[in-house]
Amino acid sequence: MGTLKGKTAIITGGGRAVLSDGSCGSIGYGIATAYAKEGANLVITGRNVKKLTDAKEELEEKYGIRVLPVQADISAGADNEALAESVAKQAMDAFGRIDVLINAQASASGVTLADHTTEQFDLAVYSGLYATFHYMKACYPYLKETKGSVINFASGAGLFGNYGQCAYAAAKEGI
């Protein structure tokens, strides 16, 4: 424990989603928890302010780290480059460094291709593929300074498909 003390991680999709059984259903939040356990300060982004605030409160209380929640939605029609740059700037203003960027994504799962909407497809592609690009570009100068890392997630769904995840699979294959 504590191997990341003094380091800063930006984790997209880091809000705390709660499933009907009470367990946490957010991969980004799970990653944030792992980094918090190791002492890293966190910048978590997501679309839902309540989920971000819940994550901040729980992670700070349990692990004694600092969390900066930033509502950010890389989406169709938004100035996504400016949004990612703003997140990187806020991270630097709050913590003075960025050591790791972890890109998670949102998607509509369980929706067949025939029933998938363009909006659902855009959600996966923008929060996955486009967000990965814009955040890597915005964070690159700071990661270069700290010799930091980028962690992007692919998925078997991108290679082999998965029922109800056509947009997710397309975004993951792109990543």
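Basis of the calculations
- Residues numbered from 1 in each chain as written.
- Predicted model: local features only at pLDDT ≥ 70, side-chain atom pairs only at ≥ 80, totals over all residues.
- Heavy atoms only, no water.
- pLDDT = per-residue confidence, 0-100.
- Helix = DSSP H or I, 4+ residues; strand = E, 2+ residues; numbered from the N terminus.
- Pairing = 2+ DSSP bridges.
- Axes fitted to C-alpha atoms, helices over the stretch in contact; angles between N-to-C directions.
- Contact = heavy atoms within 4.5 Å.
- Buried < 20%, exposed > 50% of the residue type's maximum accessible area, 1.4 Å probe, protein only.
- Lys, Arg positive; Asp, Glu negative; His and termini not counted.
- Salt bridge = Lys/Arg side-chain N within 4 Å of Asp/Glu carboxyl O.
- Polar contact = N/O pair within 3.5 Å; in protein donor to acceptor, adjacent residues only side chain to side chain.
- Parallel < 35°, antiparallel > 145°, perpendicular 65-115°, else oblique.
- Left-handed = near helix turned anticlockwise from the far one by under 90°.
- Core = buried A, V, L, I, M, F, W, Y, C linked by side-chain atoms within 4.5 Å.

1. Description of the confidence of the model for the chain
When pLDDT is averaged along the chain, the result is 91; 95% of the residues meet or exceed 70. Mean pLDDT across the elements of the chain ranges from a minimum in helix α5 (residues 156–160), with 80, to a maximum in helix α3 (residues 80–95), with 98.

2. Regarding the sheet that holds strand β5 (residues 149–152)
Judged by pairing direction, the sheet is parallel, and its five strands sit side by side in the order β3-β2-β1-β4-β5 without closing on themselves. A strand with exactly one partner marks an edge of an open sheet, and here the two such strands are β3 (67–71) and β5. The mean inter-strand angle of the sheet, taken between neighbouring strand axes irrespective of direction, is 15 degrees. Here five bridges tie strand β1 (residues 8–12) to strand β2 (residues 41–46), and the two strands are oriented parallel to one another. Across the sheet, the residue bridging to I11 is I44, located in β2. The strands that helix α1 (residues 27–37) touches are β1, β2, β4 (100–103) and β5; relative to β1, the one it contacts most, it runs at about 170 degrees. Strands in contact with helix α4 (residues 118–146) are β1, β2, β4 and β5; relative to β4, the strand with the most contacts, it is inclined by about 175 degrees.

3. Details of the side chain of K172
Topologically, K172 is positioned in helix α6 (residues 166–174). Summary of buried charges: K172 has no salt-bridge partner, and the nearest side chain of opposite charge, E173, is 11 Å away. Here F153 takes part through its backbone oxygen, which lies 2.9 Å from a polar atom of the side chain of K172.

4. Things to note about the packing of α4 against α6
In the contact formed by α4 and α6, the axes pass within 8 Å of each other and the chain directions differ by 25 degrees. Considering their axes alone, α4 and α6 lie roughly parallel with respect to each other. As α4 runs across α6, the sense of the crossing is right-handed. Here Q120, F121, A124, V125 and L129 of α4 lie close against α6, whose contacting residues are A167, Y168, A170, A171 and G174.

5. Looking at the nonpolar core
Ranked by size, the top nonpolar core spans 19 residues in total, and within it I10, V43, V87, I98, L101, Y135 and C139 carry the most contacts. Within the residue set of this core, elements represented by two or more residues are α3 and α4. Ranked by size, the runner-up nonpolar core spans 17 residues in total, among them I11, A55, I65 and I102.

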